[in-house]
Amino acid sequence: MAATQNRDMGSGSIPKLLAQLALPAVVAQVVNLLYNIVDRIYIGHMPEVGASALTGVGLFTPILMLITAFAMLCGSGGAPRAAIAMGRGDDDAAEKIMGNCFTLLLILAAVLTVVFYFAAPSLLVLFGASEKTLPYALDYARIYIIGTIFVLIVMGMNPFVTTQGFATFSMMTTVIGAVCNIILDPILIFALNMGVRGAATATVISQAVGAVWILRFLTGKKTILRLRKDYMRPEKKVILPVMALGISTFVMMSTESLLSISFSSSLARYGGDVAVGAMTVIT
């Protein structure tokens, strides 16, 4: 089955292949919005503290964007290079690229978790958190940051599933995570009375489910490229070209994060929590 799909990716009609890859990708992107939208809907409807909690969680957005940017540094840089290697018929080279990217993601996860966990209070104040909104922002941030490894695996490794032609499976990674999040949010936020910590926990659990889903596939029998221990040892000649290709996506997403910081801090200074909360809803 895997081999047949691989031949189809190399010999099928271009419009058909574009549709085969693009439609699931579009659906996945739309569904991915549910992670943030559902969290915001439930948090905004928390009795008495909904507005402050929503504003606090919104102030975490720049950090979330930066975490995503690092994931895409590996995913957007590694998956196309793996595809080129597959096109040459060199699956070993493609697997080495994927293995090196996985190791890089683990290293980045460790560094980002430590840095953002301890820097979160200062960063959130810099972004515009007030005495009223900082506790909610910090509660959400620290739980989400602990789950950074799952976010990086999902965002960074899913492109390697798509590049093999398994676009529908890649889409299901996002759909499964979103459905888990929708189910868990009301349970953790309201039933267990965890508030914003419940929203963050639901997101982390959902991302963990997605990470397990991807890793089971990439180490299973249906995949074309298999994640192997032998190819996880970082090699400069593999990682540097990956980062060179992925840096453009990284810079674009990092710039979005800086814009978000600029908006939030300016709104906090001149409009207060209400203005920041309004921006969170619009975003």
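Please refer to the structure higher up on the page.
Residues numbered from 1 in each chain as written. Predicted model: local features only at pLDDT ≥ 70, side-chain atom pairs only at ≥ 80, totals over all residues. Heavy atoms only, no water.

### Considering the packing of helix α6 (residues 134–146) against helix α9 (residues 196–218)
Remark: α6 packs on α9, axes separated minimally by 8 Å, with the N-to-C direction vectors making an angle of 20°. With respect to α9, the axis of α6 lies roughly parallel. Crossing geometry of α6 relative to α9 is assigned as right-handed. Residues Tyr136, Asp139, Tyr140, Ile143 and Tyr144 of α6 touch α9, and the partners they reach there are Val196, Arg197, Ala199, Ala200, Thr201, Thr203 and Val204. Among the residues making up the contact of α6 with α9, the classes are represented as 8 nonpolar, 2 polar and 2 charged. (Axes fitted to C-alpha atoms, helices over the stretch in contact; angles between N-to-C directions. Helix = DSSP H or I, 4+ residues; strand = E, 2+ residues; numbered from the N terminus. Parallel < 35°, antiparallel > 145°, perpendicular 65-115°, else oblique. Left-handed = near helix turned anticlockwise from the far one by under 90°. Contact = heavy atoms within 4.5 Å. Nonpolar A, V, L, I, M, F, W, Y, C, P; charged D, E, K, R; others polar.)

### A word on helix α11 (residues 272–282)
For α11, the complete set of buried residues consists of Ala275, Val276, Gly277 and Thr280. The inward-facing, buried residues of α11 abut α2 (14–44), α3 (50–58) and α10 (236–270). (Buried < 20%, exposed > 50% of the residue type's maximum accessible area, 1.4 Å probe, protein only.)

### Quick word on the nonpolar core
Membership of the largest hydrophobic core comes to 61 residues, with the highest contact counts inside it found for Ile43, Phe60, Leu124, Leu152, Met157, Phe160 and Leu218. Mapped by element, the contributors of at least two residues to this core are α3, α4 (61–87), α5 (91–127), α6, α7 (148–162), α9 and α10. Looking at which element gives the most residues to this core, the answer is α5, with 14 residues. Setting aside chain neighbours within four positions, we find Ile43 in contact with Gly50, Ala53, Leu54, Val57, Ile189, Val196 and Ala199. Counting residues in hydrophobic clusters, the runner-up holds 5 residues, among them Val31, Met171, Val175 and Ala178. (Core = buried A, V, L, I, M, F, W, Y, C linked by side-chain atoms within 4.5 Å.)

### Examining α7
Across its 15 residues, α7 extends 22 Å between first and last C-alpha, which sits within 8% of the 21 Å expected from 1.5 Å per residue. Counted residue by residue, α7 has 11 buried out of 15 residues, so it is predominantly covered. Of all the residues in α7, the buried ones are Thr148, Val151, Leu152, Ile153, Val154, Gly156, Met157, Asn158, Pro159, Phe160 and Val161. For α7, the elements touching its buried residues are α4, α5, α6, α8 (167–191) and α9. (Expected span 1.5 Å × (residues − 1).)

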